[in-house]
Amino acid sequence: MIKQYIVTGMSCAACVARVEKAVSGVPGVSSCAVSLLTNSMGVEGDADEAAVVSAVESAGYGARPKDAASRSRSSRDTLAAEAELLADHETPMLRKRLIASLAFLAVLMYISMGHAMLGWPLPSFLSSNMVAVAIAEMVLTGIVMVINQKFFISGGKSLMGGAPNMDSLVALGSLASFVYSL
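To keep things clear, this report deals only with the structure shown in the data block. (Residues numbered from 1 in each chain as written. Predicted model: local features only at pLDDT ≥ 70, side-chain atom pairs only at ≥ 80, totals over all residues. Heavy atoms only, no water.)

1. Things to note about the layout of surface pockets
Each pocket or cavity is described by its volume, and for the second largest pocket that value is around 230 Å³. Where the lining of the second largest pocket is concerned, the elements lending two or more residues are α7 (130-147), α8 (149-160) and α9 (166-181). No other element matches the 5 residues that α9 contributes to the lining of the second largest pocket. Classifying every residue of the lining of the second largest pocket gives 7 nonpolar, 5 polar and no charged. (1 Å grid on protein atoms, 1.4 Å probe; cavity = no way out; pocket = protein on both sides within 12 Å on 5 of 7 lines; lining within 4 Å. Points joined across faces, edges and corners; volume = space filled by probe spheres on them. Helix = DSSP H or I, 4+ residues; strand = E, 2+ residues; numbered from the N terminus. Nonpolar A, V, L, I, M, F, W, Y, C, P; charged D, E, K, R; others polar.)

What follows is the structure in structure tokens.
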């Protein structure tokens with residue numbers, strides 16, 4: 001018998017593999033298939049629903065049986081709830097983070113490389129004080145890293161959990177370049 005679940009919090013193929021591995025280890029599960037596109041999971045076997053949900057949550061994601069909502073709501077409400085779960089809430093936030101990051105990055109690039117590569121003048125309070133330039137560069141870099149802290153949080157959690165993903169790669173690369181530049 002195949003039971004359907006809604007899985008939240010996945011962002012890449014590594015997340016899918018981690019959820020499948022966690023659920024496949026639950027006693028009574030004969031197979032598990034996870035879809036990143038639809039945020040859904042099909043579990044074949046006679047495993048307890050609570051054990052499956054617990055395995056997904058211990059892997060760092062959210063889960064609930066797909067038919068749990070339909071038991072308490074009408075089919076119209078269920079469709080609206082599932083559509084809301086599938087709605088793209090991440091892209092507008094990513095767009096805002098990208099715009100903010102690019103704005104601070106433009107200022108950082110102007111201060112750090114504009115005068116050396118293109119001959120652009122530095123502001124007068126920075127032109128004769130290289131310590132102030134270094135501090136400004138460090139503050140601007142810190143701001144960009146705080147804006148994009150999601151990569152560091154998610155990447156750190158997955159790295160410490162023994163299942164690195166793309167966020168781990170981005171976080172390690174960014175952190176290594178920051179430390180090296182210091």
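Anyway, onward from the coordinates.
2. Looking at the packing of aromatic side chains
In this structure the tally under the stated criterion is 1 aromatic pair. Lys 150 extends its terminal NZ or CZ atom over the ring of Phe 151, reaching a point 6.0 Å from the ring centre. (Phe/Tyr/Trp six-rings, centres within 6.5 Å; stacked < 30°, edge-to-face > 60°. Lys NZ or Arg CZ within 6 Å of the ring centre and 35° of its normal.)

3. Regarding the pattern of salt bridges
Counted by the stated rule, this structure contains 1 salt bridge. Linking Asp 167 and Lys 150 is a salt bridge whose minimum nitrogen-to-oxygen distance equals 3.9 Å. With Asp 167 in helix α9 and Lys 150 in helix α8, this pair connects stretches of sequence that are 17 residues apart. Under the relative-accessibility criterion, Lys 150 is labelled partly exposed at 31%. (Salt bridge = Lys/Arg side-chain N within 4 Å of Asp/Glu carboxyl O. Buried < 20%, exposed > 50% of the residue type's maximum accessible area, 1.4 Å probe, protein only.)

4. Quick notes on the packing of helix α1 (residues 13-24) against helix α2 (residues 49-58)
The contact between α1 and α2 brings their axes to 8 Å, and the two run at 140°. One element, α1, and the other, α2, form an angle in the oblique class. Crossing of α1 against α2: the hand is right-handed. Here Val 19, Ala 22 and Val 23 of α1 lie close against α2, whose contacting residues are Val 52, Ala 55 and Val 56. Of the residues assigned to the contact of α1 with α2, the class counts are 6 nonpolar, no polar and no charged. (Axes fitted to C-alpha atoms, helices over the stretch in contact; angles between N-to-C directions. Parallel < 35°, antiparallel > 145°, perpendicular 65-115°, else oblique. Left-handed = near helix turned anticlockwise from the far one by under 90°. Contact = heavy atoms within 4.5 Å.)

5. Overview of the sheet that holds strand β1 (residues 2-8)
Hydrogen bonds between backbone groups are what pair the strands of a sheet, and the pairing can be parallel or antiparallel. On the basis of which strands lie adjacent, the open sheet formed by 4 strands has the order β2-β3-β1-β4 and antiparallel pairing. Each edge of the open sheet carries a strand with a single partner, namely β2 (29-35) and β4 (62-65). Ignoring which end each strand starts from, the neighbouring axes of this sheet average 25° apart. Bridging between β2 and strand β3 (residues 40-45) involves 6 bridges; their strand directions are antiparallel. The partner of Ser 31 across the bridge, within β3, is Glu 44. (Pairing = 2+ DSSP bridges.)

6. Thoughts on the pairing of β3
A large share of β3 lies buried, amounting to 5 of its 6 residues. Bridging between β1 and β3 involves 5 bridges; their strand directions are antiparallel. Within β3, the position partnered with Ile 2 by the bridge is Glu 44.

7. Some remarks on the environment of Ser 174
Along the chain, Ser 174 falls in helix α9. The spacing of Ser 174 and Met 145 is 29 residues in sequence and 8.4 Å in space, taken between C-alpha atoms. Only 2.9 Å separates the side chain of Ser 174 from the backbone oxygen of Val 170, close enough to count as a polar contact. (Polar contact = N/O pair within 3.5 Å; in protein donor to acceptor, adjacent residues only side chain to side chain.)

Purely geometric stuff here, so don't read any function into it on its own.
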